[in-house]
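Here's the letter readout for the chains.
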Amino acid sequence: MKTVLIANQKGGCGKSSIAITLAAALANQGQTVALADADPQKSSLAWLKLRPDTAAPIIGVDWHEQDDIGDLPKKVAKKLGKKDWLIIDAPGSISAERAQSLISEAQAILIPVLPSMFDAESTKRFLKSIQDIKRIRKGKIEIYLLANRVRAQNGTSQNLKHFFDNIGQQPLAWLTERSMYPQLAEQGLAVFDKTQKPYRDVQLQWQPVLDTLMPKVASQYEETLKDASLPPSLARLSGQASSLVSAANPPNPSRARATQAVKDSVSGSKANQALTEDGRADKRLDNKRAHVKNTRSGNDTKSAITLSAEPEAKKKSGRKKTSTWYE
């Protein structure tokens, strides 16, 4: 059985949201998936209770008691085979002992990080606290970071980018803060339960995660996400990452296409910006030429009026008019 643990010792960083989204992504591609809730708040299990019968099925497992971790009910165990999935939603403020119990069940850990100083520092402490666990020390489990609830145009997101640079590990994906996540959760649904364009655009943000953890599932989504797009600001932010591929994993064509899409979006945005700036420059030049032309035309008209009026003035005054400095 393939197991993914969603964990961080900082509470409120979006672990449950990520767990239910991944579970829904798997279920909607016909995968058998169980969602184990190890959090005393049991948010993921509460979400499952709201899930409509018409939605893709997900099996719930209650691990909120320490002694329950690792034990699957007989009915659940019978439904899960080696090719099936278990997504674990870890509790906040996780102890070292409990972390070790959960990590012993996983092949990969996803650690969500919010764009704030407190979350970044908490993540750094969590990474340090688990580095000596045997399975991690021996490289038997992969650790990935996720930039979560990002506002791409906000300065705090740039600070988070610097944090990833400093620890020497870029996030697997940058996920934006969207109101659709809590709105769908209230109905027992996730973004992968929907097929409309706004939801597909958000699903595209998850493609690097799917590419890395479940490439076969990711390839199934590629066809439906052909017309999906990233916001330019998010594309620039995520495109700054040195690589979306973990050093421990070889690149695959699907992930390369996702990475290229980011680069194309960035270059397209820059090209549009350059065209806009060129257009503005041309417009300023046209305006300047028009101003000069109008000025010359005005001067010619004024001169003609002055010349035609001069003889009449001479007749009336009987003497020649003296020019002043402003004429």
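The structure presented is a predicted model; accordingly, all values stated were derived computationally and were not measured.

## A word on the pairing of strand 7 (residues 173–176)
Where burial is concerned, the two faces of strand 7 agree: the one with Ala173 and Leu175 and the one with Trp174 and Thr176 are both buried. Two strands pair when backbone bridges link them, and strand 6 (residues 142–150) and strand 7 are joined in this way by 3 bridges, in the parallel orientation. Bridged to Leu146 within strand 7 is Ala173. Chirality of the crossover, the property in question, places the unit of strand 6, helix 7 (residues 155–167) and strand 7 among those that are right-handed.

## Overview of the side chain of Ser122
In this structure, Ser122 sits in helix 5 (residues 117–130). The class for Ser122 is buried, based on a relative accessible area of 4%.

## Notes on the sheet that holds strand 7
The 7 strands are arranged 3-2-4-1-5-6-7 in an open sheet whose pairing can be described as parallel. Bordering the open sheet on either side are strand 3 (59–62) and strand 7, each of which pairs with just one other strand. Neighbouring strand axes in the sheet, compared pairwise and without regard to direction, differ in orientation by 25 degrees on average. Those strands touched by helix 1 (residues 15–27) are strand 1 (2–6), strand 2 (33–37), strand 4 (85–89), strand 5 (108–113) and strand 6, and its axis lies near 165 degrees from that of strand 4.

## Here's the deal with the packing of helix 1 against helix 2 (residues 43–50)
When two helices pack together, their arrangement is given by the angle between the helix axes and by the axis-to-axis distance. Across the interface, helix 1 lies against helix 2 with an axial gap of 9 Å and an inter-helix angle of 45 degrees. As the angle between them shows, helix 1 and helix 2 are arranged oblique. Between helix 1 and helix 2 lies a crossing of right-handed hand. Note on element contacts: helix 2 touches helix 1 through Ser43, Ser44 and Trp47, opposite Ser16, Ala19 and Ile20. Looking at the contact of helix 1 with helix 2, its residues break down into 3 nonpolar, 3 polar and no charged.

## Points about empty space enclosed by the protein
The full count for this structure, using the stated rule, is 1 cavity of 30 Å³ or more. Residue lining of the largest cavity: Ser17, Ile20, Thr21, Met180, Tyr181, Leu184, Ala185, Leu189, Ala190 and Val191, and that is the complete set. Elements supplying a minimum of two residues to the lining of the largest cavity: helix 1 and helix 8 (180–185). Of all the elements, helix 8 adds the most residues to the lining of the largest cavity, at 4 residues. The residue inventory of the lining of the largest cavity, partitioned by class, reads 8 nonpolar, 2 polar and no charged.

## So, the environment of Pro73
Assignment of secondary structure puts Pro73 in the loop between strand 3 and helix 3 (74–79). Along the chain, Pro73 and Val61 lie 12 residues apart, while their C-alpha atoms are 7.9 Å from each other.

## With respect to helix 7
With 13 residues, helix 7 extends 19 Å between its outermost C-alpha atoms, agreeing within 8% with the 18 Å of an ideal straight helix rising 1.5 Å per residue. For helix 7, every residue scored as buried is listed here: Ser157, Leu160, Lys161, Phe163 and Phe164. Down the axis of helix 7, the buried set is contained in an arc of 155 degrees. They therefore lie on one face. Across from the buried face of helix 7, at angles greater than 90 degrees, the exposed residues are Asn159 and Asn166. Buried positions along helix 7 lie against strand 5, helix 5, strand 6, strand 7 and helix 12 (232–239). Directly beyond the C-terminal end of helix 7, a positive phi value near 75 degrees is found at Gly168.

## A closer look at the side chain of Ser233
Relative to the assigned elements, Ser233 resides in helix 12. With a relative accessible area of 15%, Ser233 lands in the buried category. When sequence neighbours within four positions are dropped, the list of residues in contact with Ser233 reads Ala152 and Gln153.

The rules behind these values
Within each chain, residues carry numbers counting from 1 in the order of the written sequence. The predicted origin of the model limits local features to residues at a pLDDT of at least 70 and limits the giving and counting of side-chain atom pairs to 80 or more, whereas totals for whole chains, interfaces and linings rest on all residues. Only heavy atoms go into the side-chain values, all of them from the structure, while hydrogens and water stay out. Each residue gets one of three labels from its accessible area relative to the maximum for its type: buried under 20%, exposed over 50%, partly exposed in between, using a 1.4 Å probe on protein chains only. Helical segments are the DSSP runs of H or I of at least four residues, strand segments are the runs of E of at least two, and each set is numbered from the N terminus. Any two strands with at least two DSSP bridges between them are considered paired. Consider the strands pointing away from the viewer: the crossover is right-handed when the path from the first strand over the helix to the second runs clockwise. Orientation is described by axes fitted as lines to C-alpha atoms, over the contacting stretch for helices, and by angles from 0 to 180 degrees between their N-to-C directions. Between two residues, a contact is recorded if the distance between any of their heavy atoms is within 4.5 Å. Orientation categories follow fixed angle ranges, with anything under 35 degrees roughly parallel, anything over 145 roughly antiparallel, 65 to 115 roughly perpendicular, and all other angles oblique. Crossing chirality is assigned from the near helix's rotation relative to the far helix, an anticlockwise turn below a right angle marking it left-handed and a clockwise turn marking it right-handed. Charged means Asp, Glu, Lys or Arg here, nonpolar means Ala, Val, Leu, Ile, Met, Phe, Trp, Tyr, Cys or Pro, and polar covers whatever is left, Gly included. For each structure, a 1 Å grid was placed over the protein atoms alone; sets of points admitting a 1.4 Å probe that cannot get out are labelled cavities, open sets with protein on both sides within 12 Å along at least five of seven lines are labelled pockets, and lining residues have an atom within 4 Å of a point. Grid points are joined across faces, edges and corners, and a volume is the space filled by probe spheres set on the points. To estimate how far a helix should reach, multiply one less than its number of residues by 1.5 Å. What the arc measures is the spread of directions leading from the helix axis to the C-beta atoms.

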